[in-house]
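In case you want the letters, here they are:
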Amino acid sequence: GAGVSQSPSNKVTEKGKDVELRCDPISGHTALYWYRQSLGQGLEFLIYFQGNSAPDKSGLPSDRFSAERTGGSVSTLTIQRTQQEDSAVYLCASKPWDSVYGYTFGSGTRLTVV
Amino acid sequence: QKEVEQNSGPLSVPEGAIASLNCTYSDRGSQSFFWYRQYSGKSPELIMFIYSNGDKEDGRFTAQLNKASQYVSLLIRDSQPSDSATYLCAVKWEYGNKLVFGAGTILRVKS
């Protein structure tokens, strides 16, 4: 596609429920990143996928968070047993693996846990 | 701990003035530096990147890098109200493939 696509754009969920957030990167971009941004805060790295390599999961805040990337394209970030502190905007970004430039972000998913 | 530091602001400048945004980073081996602009409620947008010491100019924007001082800045000339946004500094550490972001500086350009 023309840009990084994320869905849903907004998600309100009850505390304790599981949620899935989807990211469709730019076609041909092998590197995919998930970040989250809490209100008034900077971007916090969560996870990075590069081709068929093992993902860099070093930013996942707890074992309630997981992500997968199928077929080297679409990625899903799953949050189990959501907590109120999980409320944030979840941003996905992608770039060609060998690009020296920064990455292109999607429009994000605003998650609200009530 | 590796960090990217920015003054949160808000930085207020009058229309037509030069806005100067600053960023320091802790990883001496870092090679690539980026400035993103983020309008309220929107996702970050890349506006500048720099990886050599000195200045890099693109239109009204100039990025300045001093690796010895671990300092990178963004100058916006002839500031416009449409430049009002949060500016995020991002650094690619020497090792690894992710960008580490500062918390951002809020810029307000008053007409």
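Structure: above.
None of these values were measured; they are calculated from a predicted model.

Looking only at helices and strands, chain B has zero helices and eleven strands in total. Taken over C-alpha atoms, the radius of gyration comes to 13 Å for chain B, in line with the 13 Å a tight globule of 111 residues would show. In chain B, which comprises 111 residues, the share counted as buried stands at 46%. Within chain B, counting contacts between residues at least 6 apart in sequence, those at least 24 apart form 55% of the total. Summing over all exposed atoms, chain B offers an accessible surface of approximately 5,400 Å²; the carbon and sulfur share of this is 46%. Once the 12 positive and 11 negative side-chain charges of chain B are each reduced to a mean point, those two points are 4 Å apart.

Our next topic: the sheet that holds strand β7 (residues 61–66) of chain B. Residues and elements named next belong to chain B. If you walk across this open sheet you meet the five strands as β1-β3-β8-β7-β6, and the pairing is antiparallel. Unpaired on one side and paired on the other, β1 (4–6) and β6 (54–58) mark the two borders of the sheet. Taking each pair of neighbouring strands and ignoring which way they run, the sheet shows an average axis angle of 20 degrees.

Each partner contributes to the interface: chain B provides 14 residues, whereas chain A provides 18 residues. Between chain B and chain A lies a buried interface of about 1,300 Å² when both sides are counted; carbon and sulfur atoms form 61% of it. When residues of chain B are sorted by the area they lose upon contact with chain A, B:N97, B:K98 and B:F101 head the list and together hold 34% of the total. Here chain B and chain A share one salt bridge between them. Between B:K98 and A:D56 there is a salt bridge whose closest N-O contact spans 3.9 Å. Run the count over chain B and chain A and you get six residue pairs in polar contact (both at pLDDT 80 or more).

Right, let's get into the environment of B:P44. In this fold, B:P44 is placed in the loop between β4 (32–38) and β5 (45–50). Of the residues examined, B:P44 reaches a relative accessible area of 5% and is grouped as buried. Spatially, the C-alpha atoms of B:P44 and B:D27 are 23 Å apart, while their sequence positions differ by 17 residues. Beyond its immediate stretch of four places on either side in the chain, B:P44 contacts A:L43, A:L91, A:F105, B:Y36, B:R37, B:Q38 and B:L88.

Moving on, we come to the nonpolar core. Core analysis: the largest hydrophobic core is formed by 25 residues, its most contacted members being B:V4, B:W35, B:V72, B:L74, B:I76 and B:Y87. Beyond its immediate chain neighbours, meaning those up to four positions away, B:Y87 contacts B:Q6, B:L21, B:W35, B:Y36, B:R37, B:I47, B:L74, B:I76, B:G104, B:T105 and B:L107. One finds A:V4, A:I47, A:L77 and A:L111 within the second-largest nonpolar core, a separate group that totals 20 residues.

All names here are of chain A. One open sheet accounts for four strands, arranged β1-β3-β7-β6; its pairing is antiparallel. Pairing within the sheet leaves two strands with one partner each, and these edge strands are β1 (5–7) and β6 (65–69). Ignoring strand direction, the axes of neighbouring strands in this sheet form an average angle of 15 degrees. Examined bridge by bridge, β1 and strand β3 (residues 19–24) share three bridges and lie antiparallel to one another. Its bridge partner being in β3, S7 is matched across the sheet by R22.

Residue and element names in this part refer to chain B. For D27, the position within the fold is in the loop between β3 (19–25) and β4. The buried category is assigned to D27, whose relative accessible area is 12%. Within the structure, the side chain of D27 is placed 2.9 Å from the backbone nitrogen of E94, a separation counted as a polar contact. Every residue in contact with D27, bar those within four places of it in the chain, is listed here: Q70, W93 and E94.

Rules of the game
- Residues numbered from 1 in each chain as written.
- Chains lettered and ligands numbered in written order.
- Predicted model: local features only at pLDDT ≥ 70, side-chain atom pairs only at ≥ 80, totals over all residues.
- Heavy atoms only, no water.
- Helix = DSSP H or I, 4+ residues; strand = E, 2+ residues; numbered from the N terminus.
- Rg over C-alpha atoms; globule rule 2.2 N^0.38 Å.
- Buried < 20%, exposed > 50% of the residue type's maximum accessible area, 1.4 Å probe, protein only.
- Contact = heavy atoms within 4.5 Å.
- Areas by Shrake-Rupley, 256 points an atom, 1.4 Å probe, with all protein chains shown as cover.
- Lys, Arg positive; Asp, Glu negative; His and termini not counted.
- Charge placed at Lys NZ, Arg CZ, Asp CG, Glu CD.
- Pairing = 2+ DSSP bridges.
- Axes fitted to C-alpha atoms, helices over the stretch in contact; angles between N-to-C directions.
- Buried area = accessible area lost by both parts, 1.4 Å probe.
- Salt bridge = Lys/Arg side-chain N within 4 Å of Asp/Glu carboxyl O.
- Polar contact = N/O pair within 3.5 Å; in protein donor to acceptor, adjacent residues only side chain to side chain.
- Core = buried A, V, L, I, M, F, W, Y, C linked by side-chain atoms within 4.5 Å.

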